[in-house]
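# A closer look at the structure
Next come the chains, spelled out residue by residue.
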Amino acid sequence: MSRAKSYDAAKIDTLAKSKLPALGIDLGGTKIRAAAVRDYEVITEPKQVPTPEGREHIIEALVDLVSEFKTDILMGVGIATAGIVNCDTGEIIGSTGNLPGWSGTPLKKVLESKILLPVHVENDANAAGYAEARIEALRKKRCVVTVTLGTGIGGGIVLHGRLFRGSNWAAGEVGHIKIAQDNKRLCTCGLIDCWEAYGSGRGLIMTAQEMLEGVTIDQSRLVKEPGTLTTYDVFSAAKEDDLMAKKIVERWHEHIAHGLVNLAHVLNPDCFVITGGLSEFVDFQLLHDMVADRCLPRVADAIEIRQSAIQGQAGIIGAAQFVIDELLTPRS
Ligand code: BMX
Ligand code: ZN
């Protein structure tokens, strides 16, 4: 018993706190999802609301969502949001047109004053990457690159278990590497021919529209009223053997491969993890072969592309776990 007294109060406090969960919130362009997390696992049923329009309404929705959980047993709240985030101040310092008006929001400051809990704000793909790289099989790897395929394309680069944030927080904005020189695809960031303008859901629809030019309704069921085609239409038609849809989906795989090839030559990762809403439509064998075929032999040897094992939860887990890990071991 006397030995217990040799622990200092702060340490005991820290150990006690480490058993508490944190709330993780994934703030996306269409929905906001939240759940409590402990030890890299979601421990409550996730709650979800549609993402409202405008900064003030989004903040209100976040506050309402937090109040649905037992806040007195939470260590804090982690927010995974699209956009570039200064993680020291918790301010959104960059945003594409996917979240208009979001840049400049002092999210940590505003939320902490309303919910009276510590808040950590992180880019959504960085948060997802942090969680993905902690699963048992990847924990000891040198370099794990997570790519989120959804409204945009996001990236999280984890080197030796630590998230790489770059010189001014913008590392991993992989959606904006240039993969073409056609000057055809305007990205929502304002640049042209970004990977995201080809590989995201929006990019896939643009590819479909280009490939469907001159095609008749007898040749493909994807020929519809302009502006009505959805990613779901394309993937379900491909599944049912619509030839044009299959070609479009194959072209989409080539576009995704293009970006991964560039990243593979820069980072030579142990592993790519593919997550996000569109990842369920990826043919992983096809994608692997396309990437390996286009890499230097030495780089190709290391290519491993995995589907997320925590699909749909990675952003929530990563954001919450940042709160826990940072409170226990603050960044220097
Ligand atoms: C965009 C950019 C990234 C984000 C990525 C994936 C904004 C608003 N978004 O490239 O910061 O990580 O999209 O985002 O600047 P999602 O919306 O597909 O989750
Ligand atoms: Zn872009």
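Residues numbered from 1 in each chain as written. Chains lettered and ligands numbered in written order. Predicted model: local features only at pLDDT ≥ 70, side-chain atom pairs only at ≥ 80, totals over all residues. Heavy atoms only, no water.

The zinc ion (ligand 2) binds to the protein through His176 (ND1), Cys187 (SG), Cys189 (SG) and Cys194 (SG), with metal-donor distances spanning 2.1 to 2.4 Å. Coordination at the zinc ion (ligand 2) comes from 4 donor atoms whose angles at the metal span 104 to 120 degrees, giving a geometry best classed as tetrahedral. Positions of the donor residues of the zinc ion (ligand 2) along the chain correspond to the pattern H-x10-C-x1-C-x4-C. On the criterion of sequence distance, the pair formed by histidine 176 in the loop between strand S11 (162–163) and helix H5 (196–199) and cysteine 187 in the loop between S11 and H5 is long-range, its members being 11 residues apart. Pair check on accessibility: histidine 176 and cysteine 187 agree, each one buried. (Donors = N, O, S within 2.8 Å, 3.2 Å for Na, K, Ca; no water. Tetrahedral: all angles 85-135°; square planar, octahedral: opposite > 155°, others 65-115°. Helix = DSSP H or I, 4+ residues; strand = E, 2+ residues; numbered from the N terminus. Buried < 20%, exposed > 50% of the residue type's maximum accessible area, 1.4 Å probe, protein only.)

The full set close to ligand 1 counts 14 residues, and Thr96, Asp124, Gly152, His176 and Glu196 are the nearest of them. A distance of 3.2 Å separates an oxygen atom of ligand 1 from a polar atom in the backbone of threonine 151. In the environment of ligand 1, an oxygen atom lies 3.4 Å from a nitrogen or oxygen atom belonging to the backbone of isoleucine 153. Its residues assigned to classes, the shell around ligand 1 shows 2 nonpolar, 9 polar and 3 charged. Both domains that furnish three or more residues to the shell around ligand 1 are identified here as domain 1 (2–129 + 313–328) and domain 2 (137–307). (Near = heavy atom within 4 Å. Polar contact = N/O pair within 3.5 Å; in protein donor to acceptor, adjacent residues only side chain to side chain. Nonpolar A, V, L, I, M, F, W, Y, C, P; charged D, E, K, R; others polar. Domains from an automatic or database assignment.)

The subject of this paragraph is the environment of proline 269. Note that proline 269 resides in the loop between helix H8 (243–267) and strand S12 (271–275). Taking the C-alpha atoms as reference, proline 269 lies 31 Å from threonine 30; in sequence the two are 239 residues apart. Contact partners of proline 269, with chain neighbours within four places excluded, come to Cys143, Val145, Leu263, Ala264 and Ala302. (Contact = heavy atoms within 4.5 Å.)

Another aspect to go through is the environment of histidine 176. Along the sequence, histidine 176 and leucine 186 sit 10 residues apart, while their C-alpha atoms lie 11 Å from each other. For histidine 176, the contacting residues outside a window of four places in its chain are Thr96, Cys187, Cys189, Cys194 and Glu196.

We now examine the confidence of the model for the chain. When pLDDT is averaged along the chain, the result is 92, and 94% of the positions lie at 70 or above. Considering only residues more than four positions removed or in separate chains, one finds that residues 1–7, a stretch of pLDDT under 50, has 1 contact. (pLDDT = per-residue confidence, 0-100.)

All right, on to the state of the cysteines then. The full count for this structure, using the stated rule, is 0 disulfides. Its sulfur unpaired, cysteine 271 is 9.4 Å from the next cysteine sulfur, which belongs to cysteine 143. Using a relative accessible area of 1% as the deciding quantity, one classes cysteine 271 as buried. (Disulfide = S-S within 2.5 Å.)

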